[in-house]
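# Per-entry structural report
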Number of protein chains: 2
Amino acid sequence: MAAKANPVPSVWARQQSAPDQPALSRTAIVREAIVMLDADGIEALSMRKLGARLNAGATSLYRHVATKDELMELAVDEVAAEITVPPAEAARGGAGWRAAATEAAESFRATALRHPWLSAVLGQAGLAYLGPNLMAYSERLAALFTAAGFPEPSRAIDTLLSYAIGMSTTEAAWLTTVARSGETEADFIASLMPAAQQAAAGHDHLTDAYADAAVHAVLDPVAIRDAKFTYGLDVVLDGLAMRLPD
Amino acid sequence: MAAKANPVPSVWARQQSAPDQPALSRTAIVREAIVMLDADGIEALSMRKLGARLNAGATSLYRHVATKDELMELAVDEVAAEITVPPAEAARGGAGWRAAATEAAESFRATALRHPWLSAVLGQAGLAYLGPNLMAYSERLAALFTAAGFPEPSRAIDTLLSYAIGMSTTEAAWLTTVARSGETEADFIASLMPAAQQAAAGHDHLTDAYADAAVHAVLDPVAIRDAKFTYGLDVVLDGLAMRLPD
DNA sequence: TTGCGATGCGAACACTGTACGCAGCTGCGT
DNA sequence: ACGCAGCTGCGTACAGTGTTCGCATCGCAA
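Residues numbered from 1 in each chain as written. Chains lettered and ligands numbered in written order. Predicted model: local features only at pLDDT ≥ 70, side-chain atom pairs only at ≥ 80, totals over all residues. Heavy atoms only, no water.

Residue and element names in this part refer to chain A. Across chain A, the average pLDDT comes to 89, with 91% of residues at 70 or higher. Within chain A, the lowest mean pLDDT, 34, falls on helix 1 (residues 2–5), and the highest, 98, falls on helix 6 (residues 96–114). Across residues 1–20, confidence stays below pLDDT 50; counting only partners more than four residues off in sequence or on other chains, it has one contact. (pLDDT = per-residue confidence, 0-100. Helix = DSSP H or I, 4+ residues; strand = E, 2+ residues; numbered from the N terminus. Contact = heavy atoms within 4.5 Å.)

Here is the structure:
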């Protein structure tokens, strides 16, 4: 071989080629899948495209991942690691639990909006996943709410999470629709208004609500969504506070 | 033709053939699609199978429905008609609004569980649909909550609906998973417990919670789910009650 | 009777997830 | 040093998907 005739330079050149292509591991596959999902949405992810992105054939992925569903499950668990929950100590003081719960819920929402495909997957598969990050997440929530003194912490958690999931799902789906339109959120609302108002014709409360909402939403849709989430979150936390002993 | 030689019997025979095959209309397509979705889940619905069910070729459907997404949108709106909302008058009295809101939320949940695919579709498309039944549904909710005296009825509605959506989505996805397993819900829980407990190993609160839940859930999972929904619903309604003037 | 618009459909296209069997590399036991 | 075993990547192939297009057919209007 030529390598034997002039070993030194060729060796260095060869060595380099492997490390910068990390060799198609399970974690590399999941990481790249998340990148694609974030960028182009859930229906843009195919095994062939993912393989191409990793300089690999489509079917090579199946050496590291049993099926596409399993890949999605891994992606969900990977992303679950981004959701933060304050440590249980934060809830020991009287009103500390409330700030902590708020922080947890807002972190959930932020993650769901950062990865809008998450809601779609949860809608199909639910929370039956048992990945390590999801388990750790549940554990931290349980610790927080027991420390807060809730007699039935899992009930309280389910309530709060249901609200967070419902609101975030709706919001993520909306943002996905907006993104697909190519317009800004405000422009999209504006161009949707005629159809919406026509559909609301004959429904008095709806036309009123749309007229109100349209004005504000076009100005600052992001602030409106934030306020909406905070309002409902406070409602839920008020209701939960009534379940606390003392 | 032979028909002319003996017109009467042949006419009657021919007339019958059309009416009992309602000729592939848009409403017939949507109706049959819902039947298939209810029976076999969202991924079992393909245009070819749906066409076959209607004694029609796959591509014939496209004369009445622009695309599969549009078909799903029509199916969602059709199913939305099943969700009941008490009339606004029910909320005029002091505590009447609470019973009415409870009824509305429970009807939502019941519909979502009767058509488990609904959650999956909402997770992908959100509530941006403008179908007549969905509009009527929103209108009735708005009427109810304004009659109840809420200063910001749409905020209250969004909160309640978010909770209902989140809880029902999780529940529907769970029931879908159970159904796919072929076991009863109690059996499925039992056969899932080993894996769950192993995954919870090292997480103290989780193992406790699982141990508790397992015993009760195996006995009567349906009652547990009902109670869970009711608990969270009461939490939300308590929080909303605090926003009512007086 | 002659059209004509609406309706159904077979074939085809570009794509999907995945099973299978073959090639090559790597590292181990001898 | 050698050979072999197993792991990894991949080309091919299959069954199935949503959707387009052009052709046939049918009922009704003129």
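Now that the structure is up, let's keep going.
Turning to the packing of aromatic side chains, a few remarks are in order. For the structure shown, the criterion picks out eight aromatic pairs over all chains. Between the aromatic rings of Trp-97 of chain A and Phe-150 of chain A, the centroid separation amounts to 5.3 Å while the plane-to-plane angle is 85°, which identifies the pairing as edge-to-face. In this pair, Trp-97 of chain A is assigned in helix 6 and Phe-150 of chain A in the loop between helix 8 (132–147) and helix 9 (153–181), connecting sequence segments 53 residues apart. Three or more aromatic residues link up through ring pairs in this structure, and these residues are Trp-97, Phe-145 and Phe-150 of chain A. The side chain of Arg-243 of chain B reaches across the aromatic face of Tyr-231 of chain A, ending 5.7 Å from its centre. (Phe/Tyr/Trp six-rings, centres within 6.5 Å; stacked < 30°, edge-to-face > 60°. Lys NZ or Arg CZ within 6 Å of the ring centre and 35° of its normal.)

Here we come to the protein's contact with DNA strand C. Near DNA strand C, the surroundings consist of 19 residues, among which Arg-48, Tyr-62 and Thr-67 of chain A together with Arg-63 and His-64 of chain B are the closest. Of what DNA strand C places within 4 Å of the protein, 40% of the atoms are sugar or phosphate. No other element matches the three residues that helix 4 (residues 47–53) of chain A contributes to the surface near DNA strand C. A class-by-class count of the residues in the surface near DNA strand C yields six nonpolar, seven polar and six charged. (Near = heavy atom within 4 Å. Nonpolar A, V, L, I, M, F, W, Y, C, P; charged D, E, K, R; others polar.)

What follows covers the relation of the copies chain B and chain A. Here two copies of a chain appear, and what relates them is a rotation about an axis with a shift along it. At an RMSD of 0.0 Å, chain B and chain A line up after a rotation of 180° and a shift of 0.0 Å along the axis. Considering both components of the superposition, the chain copies are consistent with a two-fold axis. A shared binding surface is used by both copies, with 100% of the interface residues of chain B retained as interface residues in chain A. (Least-squares fit on C-alpha atoms with pLDDT ≥ 70 in both.)

This part takes up helix 10 (residues 185–200) of chain B. Between the first and last C-alpha of helix 10 of chain B there are 21 Å, a value that for 16 residues agrees with the 22 Å anticipated at 1.5 Å per step. Of all the bends in helix 10 of chain B, the largest measures some 40° and sits at Met-193 of chain B, one to four residues before the proline Pro-194 of chain B. Among all positions in helix 10 of chain B, only Glu-185, Ala-186, Phe-188, Ile-189, Met-193, Ala-196 and Ala-200 of chain B are buried. Residues of helix 10 of chain B that are buried in the fold lie against helix 8 of chain A together with helix 9 (153–181), helix 11 (204–219) and helix 12 (221–241) of chain B. Phi for Gly-202 of chain B, located one or two positions after helix 10 of chain B, is positive at around 90°. (Expected span 1.5 Å × (residues − 1). Bend = angle between axes of the 7 residues up to and from the residue. Buried < 20%, exposed > 50% of the residue type's maximum accessible area, 1.4 Å probe, protein only.)

This part takes up the protein's contact with DNA strand D. Around DNA strand D, the surrounding shell holds 19 residues, and the nearest of these are Arg-63 and His-64 of chain A together with Arg-48, Tyr-62 and Thr-67 of chain B. Near the protein, within 4 Å, the atoms of DNA strand D are sugar or phosphate in 41% of cases. Separating a base oxygen of DNA strand D from a side-chain N or O atom of Thr-59 of chain A is a distance of 2.7 Å. Contacts to DNA strand D include Met-47 of chain B, whose backbone N or O atom sits 2.9 Å from a phosphate oxygen. For the surface near DNA strand D, the element with the most residues is helix 4 (residues 47–53) of chain B, which contributes three residues. A class-by-class count of the residues in the surface near DNA strand D yields six nonpolar, seven polar and six charged. (Polar contact = N/O pair within 3.5 Å; in protein donor to acceptor, adjacent residues only side chain to side chain.)

This part takes up the domain arrangement of chain A. All names here are of chain A. Split by domain assignment, chain A resolves into domain 1 (8–65) and domain 2 (84–241). Spacing between the C-alpha centres of domain 1 and domain 2 amounts to 33 Å. Domain 1 puts five residues into the contact, and the matching count from domain 2 is six residues. Together, Leu-37, Asp-38 and Ile-42 form the three largest contributors to the area buried by domain 1 at its contact with domain 2, with a combined 75%. For the pair domain 1 and domain 2, the interface holds one salt bridge. Residue Arg-180 pairs with Glu-43 through a salt bridge whose shortest N-O separation is 3.0 Å. For the pair domain 1 and domain 2, the interface holds three residue pairs in polar contact (both at pLDDT 80 or more). Split by residue class, the side of domain 1 that touches domain 2 holds three nonpolar, no polar and two charged. (Domains from an automatic or database assignment. Buried area = accessible area lost by both parts, 1.4 Å probe. Salt bridge = Lys/Arg side-chain N within 4 Å of Asp/Glu carboxyl O.)

Moving on, we come to the interface of chain B and chain A. Contacts between the two partners involve 54 residues from chain B and, on the opposite side, 54 residues from chain A. Carbon and sulfur atoms supply 67% of the area that chain B and chain A bury against each other, a total of about 4,500 Å² over both sides. Where chain B packs against chain A, one counts four salt bridges. The dominant element in the side of chain B that touches chain A, judged by the number of residues it contributes, is helix 9 of chain B, at 14 residues. Partitioning the side of chain B that touches chain A into residue classes produces 28 nonpolar, 16 polar and ten charged.

Before going further, it helps to spend a moment on helix 9 of chain B. Taking 1.5 Å as the rise per residue, helix 9 of chain B with 29 residues should run 42 Å; its terminal C-alpha atoms sit 42 Å apart, in good agreement. Gly-182 of chain B sits one or two residues past helix 9 of chain B and shows a positive phi near 80°.

Another aspect to go through is the environment of Gly-131 of chain B. As for its position among the elements, Gly-131 of chain B is in the loop between helix 7 (117–125) and helix 8 (132–147). In this structure, the C-alpha to C-alpha distance between Gly-131 of chain B and Glu-78 of chain B, residues 53 residues apart in sequence, is 8.6 Å.

Quick look at the packing of helix 6 of chain A against helix 9 of chain A now. Residues and elements named next belong to chain A. The contact between helix 6 and helix 9 brings their axes to 9 Å, and the two run at 30°. Taken together, the axis directions place helix 6 and helix 9 in an arrangement best described as roughly parallel. Between helix 6 and helix 9 lies a crossing whose hand is right-handed. Here Ala-101, Ala-105, Phe-108, Arg-109, Ala-112 and Leu-113 of helix 6 lie close against helix 9, whose contacting residues are Leu-160, Leu-161, Ala-164, Ile-165, Ser-168, Glu-171, Ala-172 and Leu-175. A breakdown of the residues in the contact of helix 6 with helix 9 according to their chemical character gives eleven nonpolar, one polar and two charged. (Axes fitted to C-alpha atoms, helices over the stretch in contact; angles between N-to-C directions. Parallel < 35°, antiparallel > 145°, perpendicular 65-115°, else oblique. Left-handed = near helix turned anticlockwise from the far one by under 90°.)

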